[in-house]
Amino acid sequence: MIRRAVLLLLAALLLCAGAGQAQAAGYRYWSFWDRDGDHWVYATQGPSMARPSDGDVQGFRFAVSEDSADAARPRGQVDFDTICAKTPAQDGKKRVALLLDFGTATDAPSGETPPAPRTACAQVSPDATTAEALATVAKPLRYDTNALLCAISGYPEKGCGEQVAEKQKPSAQKKATSDDGPSLGLVAGIAVVAVLGGAAIWQVRRRDQS
């Protein structure tokens, strides 16, 4: 029993030691979204593959995110009728409403300032992809060698999906750490160590008394 308690104590100590060291990495990039009713859904295809229908609403958001589950959504309430109100329908063409959200100053690469979010109504051929629709209203676009969308309307000027350390990464959720005190994980780990340490001492005393 003593040996088991000691092993648990050592495991807890290792847990505490690593509690503040693990850092998830995020990536700075343009995410692509489909409007479904009143909310945004992360697109299942890239803009060069997706072929929206007439009347669809799609969005792009520049931000630092770990993955699709963590990605920041385009901001603002949008609908097709409002965005394309000044673009009359034409035979042989489709209209696609686009929201371009250039993100926040926190998301921006060093030395760059994000433009204000804007909307645009792209009028393109019926078989046009989202990338083709985007090119009609938001040039210049920039892609990398793997066809990853790097810049919309020239923003950002450089970089493409670069990795960003967590300490530089903005978060929609309040972090459990601060510069003024230890992390909650560390405090919890210390509490576990204290409990296990007390258990080990109790086992030693019990054995000595028996």
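Since we're looking at a predicted model, the values are computed, not measured.

A. Molecular detail of unusual backbone geometry. For the peptide bond that leads from K139 to P140, omega is -5°, which places it in the cis range. Note on placement: P140 falls in the loop between α3 (130–137) and β6 (142–143). Cis rather than trans, the peptide bond between Y155 and P156 has omega equal to -5°. Inspection of the secondary structure puts P156 in the loop between β7 (149–151) and β8 (163–165). Phi at A147 is positive, roughly 65°, even though this residue is not glycine. With respect to the element layout, A147 can be found in the loop between β6 and β7. In this structure A147 comes out as partly exposed when scored by relative accessible area, which is 48%.

B. Region of interest: empty space enclosed by the protein. Taken as a whole and assessed by the stated rule, the structure comprises one cavity of 30 Å³ or more. In this structure, the largest cavity encloses a volume near 50 Å³. For the largest cavity, the full set of lining residues is R28, Y29, W30, F62, L149, C150, P156, K158, G159, C160, G161 and E162. If you list the elements that add at least two residues to the lining of the largest cavity, you get β1 (25–36) and β7. Ranked by the residues each element gives to the lining of the largest cavity, the list is headed by β1, at three residues.

C. Representation of the state of the cysteines in the model. What the rule picks out here adds up to two disulfides. The residue that forms a disulfide with C84 is C121, at a sulfur-sulfur distance of 2.0 Å. Judged by the sign of its S-S torsion, about 100°, the bond between C84 and C121 is right-handed. Linking C84 in the loop between α2 (80–83) and β4 (94–101) with C121 in strand β5 (residues 118–124), this pair joins segments that are 37 residues apart in sequence. The partner cysteine of C150 in its disulfide is C160, sulfur to sulfur 2.0 Å. Taking the sign of the S-S torsion, -75° for the link of C150 and C160, the bridge is left-handed. Here C160 lies in the loop between β7 and β8 and C150 lies in strand β7, a separation of 10 residues in the sequence. Exposure remark for C150: the relative accessible area of 4% places this residue in the buried category. Cysteines bonded in the chain are numbered consecutively along the chain; their disulfide partners then correspond to 1-2, 3-4.

Reading guide: rules and limits
- Residues numbered from 1 in each chain as written.
- Predicted model: local features only at pLDDT ≥ 70, side-chain atom pairs only at ≥ 80, totals over all residues.
- Heavy atoms only, no water.
- Helix = DSSP H or I, 4+ residues; strand = E, 2+ residues; numbered from the N terminus.
- Buried < 20%, exposed > 50% of the residue type's maximum accessible area, 1.4 Å probe, protein only.
- 1 Å grid on protein atoms, 1.4 Å probe; cavity = no way out; pocket = protein on both sides within 12 Å on 5 of 7 lines; lining within 4 Å.
- Points joined across faces, edges and corners; volume = space filled by probe spheres on them.
- Disulfide = S-S within 2.5 Å.

Fair warning: the whole summary comes from geometry, so function is off the table for now.
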